[in-house]
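Geometric and topological summary
Each chain is listed here by its residues.
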Amino acid sequence: MVMDIVVAALPLAIVAVLLVGLLWPATRAMPIAWIVALVVGYVWWNNPPDYLVGSSFVGVMTALEILWIVFGALVLLYTLMQAGAFDRINKGFTAVSDDRRVQIVLIAFFLATFIEGAAGFGTPAAVVAPLMLALGFPALAAVIAALIGHIIAVTYGAVGTPIIVGIQDPLMIYEEQIVNDGGMSVVEYSHEVAAWAATYHALTGFLMPLFAVGMIVYFFSPPEERSIKPALSVWPLCLFAGFAFAIPYWVSAWFLTAEFPALIGAMVGGAITVSLLQRGYLLPDDEWDFPPREQWADHWVGAIEPGSEEADGPVPNGGEQMSLLKAWSPYIVLIVLLVVTRVVDPISETITDADLGAEFAVAGLGEFTIGVVIMWSEMFGYDLAADIAWVNAPGFWLLLSAIIAIGIFGMSGQQVKAAWTEAAQKLVSPFIALIFVIAMVQVMIQSGGAPGAPEVGSMIEILAIATANATGPLYPALAALIGALAAAMVGSNTVSNITFGGFQFTAAHELDLPSQIVVGTQAVGGAIGNLVAIHNIVAALATVGLVGQEGRVIRLNLIPLFYYATVVGVWALLFVYVMPDVLPSVFDVY
């Protein structure tokens with residue numbers, strides 16, 4: 001049994017050593033980890049070679065669905081940038097106040113959470129950090145503020161991808177158990193997981209604006225003047241912003257679907273907060289700024305000077321004259337499209353109908369459906385299947401919103417080409433990493449289902465059971481840290497959920513705990529791990545010309561990481577052991 005655990009952990013150990021220990025890029029590390037998983041599956045789990053290939057293809061199709069969503073999100077984002085709409089949105093925030101603390105709340109929190117909800121996958125820090133640099137923030141401060149500020153939204157990044165692709169799809173393998181346990185479908189189950197995750201976030205993450213402000217004012221003041229007082233003097237603004245985001249965010253998670261919490265929380269909360277600030281409410285009595293430029297430490301600034309033209313970048317024509325409503329309109333269109341296609345049953349049923357398409361079989365390969373859903377089942381004669389609901393997926397509606405935006409903004413062909421080209425180029429590195437990491441995870445997940453496989457279960461299941469047995473009743477307190485560790489290694493909440501969603505589900509059942517509550521902590525842990533994910537940090541630092549300060553960012557971000565993981569762990573223990581029956585009955589909306 002001990003050797004089973006050790007061998008099952010080998011692929012993940014390789015990921016940890018290569019990514020975290022040796023700082024290899026994911027494009028190099030993940031193919032090796034996948035190969036190790038194949039060897040373990042073949043030698044130790046007795047999986048036939050063609051079964052291992054089929055398991056890998058399940059992962060490939062999952063990765064393609066993620067990339068489809070990310071591509072749509074990036075196309076829409078870069079379309080707004082090319083049209084000048086994004087610049088107008090940013091100026092709408094920055095015009096409110098010159099106080100750096102207020103700018104952190106509006107840009108590093110509200111704008112970053114909105115971008116996370118719309119695009120995800122490390123985009124917020126890479127977009128927001130240069131904007132703050134252009135305003136005169138030290139490069140290091142801009143990166144740290146953006147990473148901390150957006151973390152509450154990561155669970156629902158890229159229009160719900162971490163839940164839909166990271167939780168819902170992988171847990172299909174446990175469909176029978178989920179139906180037997182609670183009489184709900186996997187889709188309903190994943191909605192409930194998303195709602196519990198929002199509950200943890202709302203109870204913990206409402207302090208993130210204050211956390212971000214506190215980190216910046218303390219660590220970016222002269223050593224002899226370091227104090228938390230400048231942050232405490234804006235606590236009414238920070239707490240109001242946190243609640244203004246958290247309440248619509250939480251309501252959206254429980255009563256809508258996983259696509260909307262981050263988007264609605266940022267738009268509603270941001271609009272309310274900006275409106276009050278413009279009327280003179282919540283503004284601090286004094287104005288806080290960074291010390292004079294000559295007092296800044298060398299490691300605060302990199303190759304791009306804060307406030308320079310290079311940091312600011314070109315302003316597209318028409319950006320300043322555009323109304324805020326027009327600038328936001330493509331995202332408003334997106335939300336309307338998503339609501340309609342999720343709420344109106346005839347539309348929802350049509351775009352998810354796997355029978356709407358051409359069906360055919362290829363001897364030796366399996367059965368295929370090409371239509372509104374692309375499906376491959378009975379892979380190589382085994383009970384392996386994967387599908388891409390490409391019309392129902394947010395990627396389709398993101399691209400449609402981007403196309404509508406072309407007409408709204410009257411964009412030229414050159415601008416459209418630039419937006420789509422930039423989005424495609426950004427996919428190259430994630431494409432390689434995602435393909436291999438999710439292929440590796442699927443090999444681990446599917447390993448127990450092959451003919452002749454040992455009865456110990458899959459690699460993921462045996463690791464989950466061992467962890468549950470080792471931690472016992474304290475497991476819920478540690479579940480978020482497990483998700484955070486995976487996200488820190490692979491740089492993605494979605495991949496963390498794919499890797500450990502089934503792990504957390506199995507551990508919860510092994511300990512006879514409410515699995516939705518436990519898997520909800522996984523969805524939160526996968527989000528907070530992005531605070532120290534080397535991939536996201538490198539990408540953000542590169543945008544401000546400060547590559548090489550990864551270790552400093554990680555050390556500082558461990559502070560909010562451990563706060564978040566500790567508080568979520570305490571809430572998990574309370575929900576599981578003190579009030580497991582009360583809250584589900586209160587919030588039973590499905």
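See the structure above.
Residues numbered from 1 in each chain as written. Predicted model: local features only at pLDDT ≥ 70, side-chain atom pairs only at ≥ 80, totals over all residues. Heavy atoms only, no water.

**Some points on the environment of Gly265**
Residue placement: Gly265 occurs in helix α15 (residues 261-278). Beyond its immediate chain neighbours, meaning those up to four positions away, Gly265 contacts Phe110, Ala244, Phe245, Pro248, Tyr249, Phe260 and Gly270. (Helix = DSSP H or I, 4+ residues; strand = E, 2+ residues; numbered from the N terminus. Contact = heavy atoms within 4.5 Å.)

**As for the sheet that holds strand β1 (residues 357-362)**
With antiparallel pairing, the four strands of this open sheet are ordered in space as β1-β2-β3-β4. Each of the sheet's edge strands pairs with one partner strand only, and the pair in question is β1 and β4 (386-388). When strand polarity is set aside, the average angle formed by the axes of neighbouring strands in this sheet is 10°. Alignment of strand β2 (residues 366-371) against strand β3 (residues 374-377), held across three bridges, turns out to be antiparallel. (Pairing = 2+ DSSP bridges. Axes fitted to C-alpha atoms, helices over the stretch in contact; angles between N-to-C directions.)

**Notes on the pattern of salt bridges**
Per the stated rule, a full pass over the model turns up three salt bridges. With a closest N to O distance of 2.9 Å, Arg100 and Asp289 form a salt bridge. Of this pair, Arg100 sits in helix α6 (residues 100-118) while Asp289 is found in the loop between α15 and α16 (309-312), placing the two residues 189 residues apart along the sequence. Owing to a relative accessible area of 11%, Arg100 belongs among the buried residues under this scheme. The salt bridge partner of Asp286 is Arg101, with a shortest N-O separation of 3.3 Å. (Salt bridge = Lys/Arg side-chain N within 4 Å of Asp/Glu carboxyl O. Buried < 20%, exposed > 50% of the residue type's maximum accessible area, 1.4 Å probe, protein only.)

**Observations regarding the packing of aromatic side chains**
In total, this model carries 34 aromatic pairs according to the counting rule given. Judged by centre distance (5.9 Å) and plane angle (75°), the ring pair of Tyr189 and Phe505 falls under edge-to-face. Placement of the pair is Tyr189 in helix α11 (residues 186-205) and Phe505 in helix α24 (residues 493-510), with a sequence separation of 316 residues. Across the pair, Phe505 and Tyr189 agree in class, each one buried. Feature note: the residues Phe137, Phe220, Trp288, Phe290, Trp296 and Trp300 constitute an aromatic cluster, connected by ring pairs. (Phe/Tyr/Trp six-rings, centres within 6.5 Å; stacked < 30°, edge-to-face > 60°.)

**Describing the nonpolar core**
Generally speaking, a soluble globular protein has its nonpolar side chains buried in company with each other. Ranked by size, the top nonpolar core spans 200 residues in total, and within it Phe93, Leu111, Met132, Tyr156, Met440 and Tyr564 carry the most contacts. Setting aside anything within four residues of it in sequence, one finds Leu111 in contact with Phe86, Ile89, Asn90, Phe93, Leu106, Val128 and Leu131. If you look at the next biggest cluster of nonpolar residues, it comprises 12 residues, including Tyr51, Met61, Ala386 and Ile388. (Core = buried A, V, L, I, M, F, W, Y, C linked by side-chain atoms within 4.5 Å.)

**Re helix α9 (residues 157-168)**
For α9, a buried count of 12 out of 12 residues is recorded, marking the element as mostly surrounded by other parts of the structure. All of the buried residues in α9 are Gly157, Ala158, Val159, Gly160, Thr161, Pro162, Ile163, Ile164, Val165, Gly166, Ile167 and Gln168.

**Quick look at unusual backbone geometry**
You will see that Glu378, though not glycine, has its phi angle at about 50°, which is positive. Along the chain, Glu378 turns up in the loop between β3 and β4. Residues other than glycine seldom take positive phi values, yet Asp512 does so here, at roughly 60°. On the secondary structure map, Asp512 appears in the loop between α24 and α25 (515-528). Asp512 gets classed as exposed once you look at its relative accessible area, which sits at 71%.

**Looking at the side chain of Asn497**
For Asn497, the location among the structural elements is in helix α24. Residue contacts for Asn497: discarding those within four places in its chain leaves Pro162, Gly166, Ile167, Gln522 and Ala523.

**Concerning a nonpolar patch on the surface**
Judged by side-chain polarity, Val2, Met3, Val6, Ile35, Val39, Tyr42, Val43 and Trp44 come together as a nonpolar surface patch covering roughly 780 Å² of accessible area. Elements represented by at least two residues in the nonpolar patch include exactly α1 (2-8) and α3 (26-43). Ranked by the residues each element gives to the nonpolar patch, the list is headed by α3, at four residues. Note on placement: Met3 falls in helix α1. (Patch = residues over 30% accessible without salt bridge, like charges linked within 9 Å, V, L, I, M, F, W, Y side chains within 5 Å. Areas by Shrake-Rupley, 256 points an atom, 1.4 Å probe, with all protein chains shown as cover.)

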